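# What the coordinates show
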Amino acid sequence: MNALRPISYYDERAETVDLTEITSSDKNADILRMLRDNYPDLAWLSIRRHDDEVFGLVNYFVVREGDDLRWLGYFIGRNKVLRRLYIYDMPEYREQITALFIGIERSRSIQNLDICGHYLGESVLSSLSAMLGSESCSLISLSLLSFRNSFSDDMAVALADALKGNKSLKILYFSSASNNLTSVGWSAFSKLLCDTSSVSNIYASNHTLQTIGYGSYNPSNYPQARDVEQLLALNRLTDKHAAIQKILKYHPDLDVGPFLRDEWELKLLPLVMSWFEI
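Model, not experiment: these values are computed from the prediction. (Residues numbered from 1 in each chain as written. Predicted model: local features only at pLDDT ≥ 70, side-chain atom pairs only at ≥ 80, totals over all residues. Heavy atoms only, no water.)

## Quick word on the pairing of strand E4 (residues 112-117)
If a strand is regular, its side chains alternate between the two faces of the sheet. Counting buried positions over the 6 residues of E4 gives 6, a clear majority of the element. A two-sided burial pattern is seen for E4, the buried positions comprising Asn 112, Asp 114 and Cys 116 on one face and Leu 113, Ile 115 and Gly 117 on the other. With 5 bridges joining them, strand E3 (residues 84-88) and E4 adopt parallel strand pairing. Looking at the pairing, Tyr 88 lines up with Cys 116 of E4. One ladder, built from 6 bridges, connects E4 with strand E5 (residues 141-146); its direction is parallel. Along E5, the bridge assignment pairs Asn 112 with Ser 141. (Buried < 20%, exposed > 50% of the residue type's maximum accessible area, 1.4 Å probe, protein only. Helix = DSSP H or I, 4+ residues; strand = E, 2+ residues; numbered from the N terminus. Pairing = 2+ DSSP bridges.)

In C-alpha cells, the structure reads:
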C-alpha cells in the first residue's frame, strides 16, 4: 500500500472518483456511493473479509484485493447517516488498519462500533486509542471480541488512557470468554473512573462510562474490579452528581452544599480544595 495521502487529496476527488476503480466489486462500489451520498437507509454497515455468510444482507462491504481501504475509511468518516459499524475479522496488515481507521476517526455520526476477529493486535488497539481520544468521537458503545487473544491488561491500560478525556462512550464491552484482566487492568479502569490523588483529579475523572466488561457485574476475585463496578454505578447518575458522590466518597468531611446550585459553582470546587492541598 502506498503512503497515506493528506485528507485534501480525497476531498478534491470525492465527487469525481470512479468508484469501480477503487473497489473489487460493483457491490462495494455501491456501498461507497451510498456512504458518499449519505444514503438515508445506510444506518449500519458491516465490513468483513469473507462473503460466505452474508445472509442476503444489503449493507455489507467485503474486503478483497483491489479494495482501497483509505477511500472506504474516508467515506465512512465524512458520512452523516451511519450510526452502527460492524467490522468482522480485521484486515491483515497494519497499513490497511491504519488507512481504514484514519477515516473512521473523523466520523461524527457512528455511535456503535463492533469489532470481532481472530486477533485484536497492536494495530487495532492503537487505532482505537486514537479514535477514542479524538475530540470528535461520537461513540456510545464499543464492543471487542477476539477468538485468539484475550482482553489483556495492556489493552485495558491503553484504552483507559485513551478514555481520560472522552465524553461520549458509555459502554465498553468485551466477552467474558476473552477476559484475562488482573489487578493491573482493573486498577487502570478504576483510576480512569476516579483518580483519588486529589479532588481536582477526581473531578476530572471519567464520569461517562457506565459499563465495562460483559454486563453490569464483573465476577472477579480482584477488589479493583469491585471498585470499578461501584464507580460505574455512580456514573449512571448525571455527570454532576457522579462527580459529587465520588468526591464525597474520598473526602467525606467536605461540605459540597454550596457547590450544588449550578455547574459553574461545581467547577470551582476543585480549585477551592486545591488551596487546602498545597
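So much for the structure itself; the text now carries on.
## Brief notes about the sheet that holds E5
Taken in spatial order, the 7 strands make up an open sheet running E2-E1-E3-E4-E5-E6-E7, and their pairing is parallel. Bordering the open sheet on either side are strand E2 (60-62) and strand E7 (211-213), each of which pairs with just one other strand. Averaged over neighbouring strand pairs, the angle between their axes works out to 10 degrees when direction is ignored. Bridging between E5 and strand E6 (residues 171-174) involves 4 bridges; their strand directions are parallel. Pairing of Ser 143 across the sheet is with Tyr 173, part of E6. The strands that helix H4 (residues 94-104) touches are strand E1 (44-48), E3 and E4; relative to E3, the one it contacts most, it runs at about 175 degrees. (Axes fitted to C-alpha atoms, helices over the stretch in contact; angles between N-to-C directions. Contact = heavy atoms within 4.5 Å.)

## Re the packing of helix H7 (residues 183-193) against helix H9 (residues 223-235)
Between H7 and H9, the shortest axis-to-axis distance is 8 Å and the interhelical angle comes to 25 degrees. Classed by the angle they form, the pair H7 and H9 counts as roughly parallel. Remark: the crossing between H7 and H9 carries left-handed chirality. Here H7 contributes Ser 183, Trp 186, Ser 187, Phe 189, Ser 190 and Leu 193 to the contact with H9, which in turn contributes Gln 224, Ala 225, Asp 227, Val 228, Leu 231, Leu 232 and Asn 235. Grouping the amino acids of the contact of H7 with H9 by side-chain chemistry returns 7 nonpolar, 5 polar and 1 charged. (Parallel < 35°, antiparallel > 145°, perpendicular 65-115°, else oblique. Left-handed = near helix turned anticlockwise from the far one by under 90°. Nonpolar A, V, L, I, M, F, W, Y, C, P; charged D, E, K, R; others polar.)

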